[in-house]
Amino acid sequence: MDIIIKEAKPEDANKLIEYTKIVGAQTDNLSFGKEGIDGTVQEEKEFIKRINSDPKSVMYFAWKNEDIVGCANISGMKRRMSHRANFAVSVVKSEWGSGIGSALLEKCISFAKDNGIEIINLDTRSDNLRAISLYKKFGFVKIGRIPAFSKINCEYIDADLMYLDLREKINNRKIEAFERLETIRRENKKEIDF
Ligand SMILES: CC(C)(COP(=O)(O)OP(=O)(O)OC[C@H]1O[C@@H](n2cnc3c(N)ncnc32)[C@H](O)[C@@H]1OP(=O)(O)O)[C@@H](O)C(=O)NCCC(=O)NCCS
């Protein structure tokens, strides 16, 4: 795959705005259409800076040559919900089915595990079968449905809520680390005993 995945940088703001206009025109599965996201270049720069300074948030871009062809982000929540984060992903239509969505999701899950995020939440149109099968592939489960979640050209569209519970995986990693430490301790003790 001639695709490189990198963390967003403030200087990518212009490309991000361009990207959202392209991807927004290609699908009705996002919260925006061909107008893209609202912000000016400066506002998007500030937005990326805020993400980069938040230890529980990240934005990845998939680059093909000089263009963004995919984007995913984890947005950490605050205070009593700081164990959770929201996830969103998109890929330009010409690249659908070539593994970019999976690669972006994998990076985001790995970031979440490394940064103490216990639960990842997302919402998706209930008829977005491609996205739903991508999420299921990575272990997300459906936990509910919100009727009339969005309204596009007078049509009300339901959304499925899905989540990925990382608590067991995080605990397993802690246990493995503890066991490794114990083994090292035991081996060091043996050396001392001799
Ligand atoms: C949903 C989206 C991000 C998937 O990205 P992608 O790069 O096409 O995903 P991948 O190529 O990694 O495919 C991932 C999985 O999707 C599923 N998938 C792929 N094509 C599919 C199809 N035609 N029908 C159903 N599921 C499909 C498969 O489970 C696939 O995994 P597999 O290849 O291991 O079998 C992309 O289609 C997209 O941006 N769509 C428009 C915006 C959107 O819907 N975003 C999500 C909002 S919730």
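Residues numbered from 1 in each chain as written. Predicted model: local features only at pLDDT ≥ 70, side-chain atom pairs only at ≥ 80, totals over all residues.

The chain has the name GNAT family N-acetyltransferase in an unreviewed UniProt entry, where Lachnoanaerobaculum gingivalis is given as its organism.

J.: An account of the site of the ligand is needed here, citing residue identities and associated values.
T.: With respect to spatial proximity, 21 residues lie near the ligand, and among them N29, G101, S102, T124 and S133 are the closest. Elements with a minimum of two residues in the shell around the ligand: β4 (84-91), α3 (100-114) and α4 (129-137). Here the shell around the ligand gets six residues from one element, more than from any other, and that element is α4. In the shell around the ligand, the residues fall into eight nonpolar, 11 polar and two charged. (Near = placed C-beta within 6 Å. Helix = DSSP H or I, 4+ residues; strand = E, 2+ residues; numbered from the N terminus. Nonpolar A, V, L, I, M, F, W, Y, C, P; charged D, E, K, R; others polar.)

J.: Provide a residue-level description of the sheet that holds strand β2 (residues 58-64), including the pertinent values.
T.: By definition, the strands of a sheet pair up through backbone hydrogen bonds, in either a parallel or an antiparallel sense. Strand order across the open sheet formed by seven strands is β1-β2-β3-β4-β5-β7-β6, with mixed pairing between neighbours. Single-partner strands in this sheet number two, and they are β1 (4-7) and β6 (141-152). The sheet shows a mean angle of 25° between the axes of neighbouring strands, taken without regard to direction. As defined by bridge partners, β1 adjoins β2 across four bridges and the pair is classed as antiparallel. Its bridge partner lying in β2, I4 is registered against W63. Its contacts with the sheet place α3 against β1, β2, β3 (67-76), β4 and β5 (119-125), and it is angled at close to 30° to β3. (Pairing = 2+ DSSP bridges. Axes fitted to C-alpha atoms, helices over the stretch in contact; angles between N-to-C directions. Contact = placed C-beta atoms within 7 Å.)

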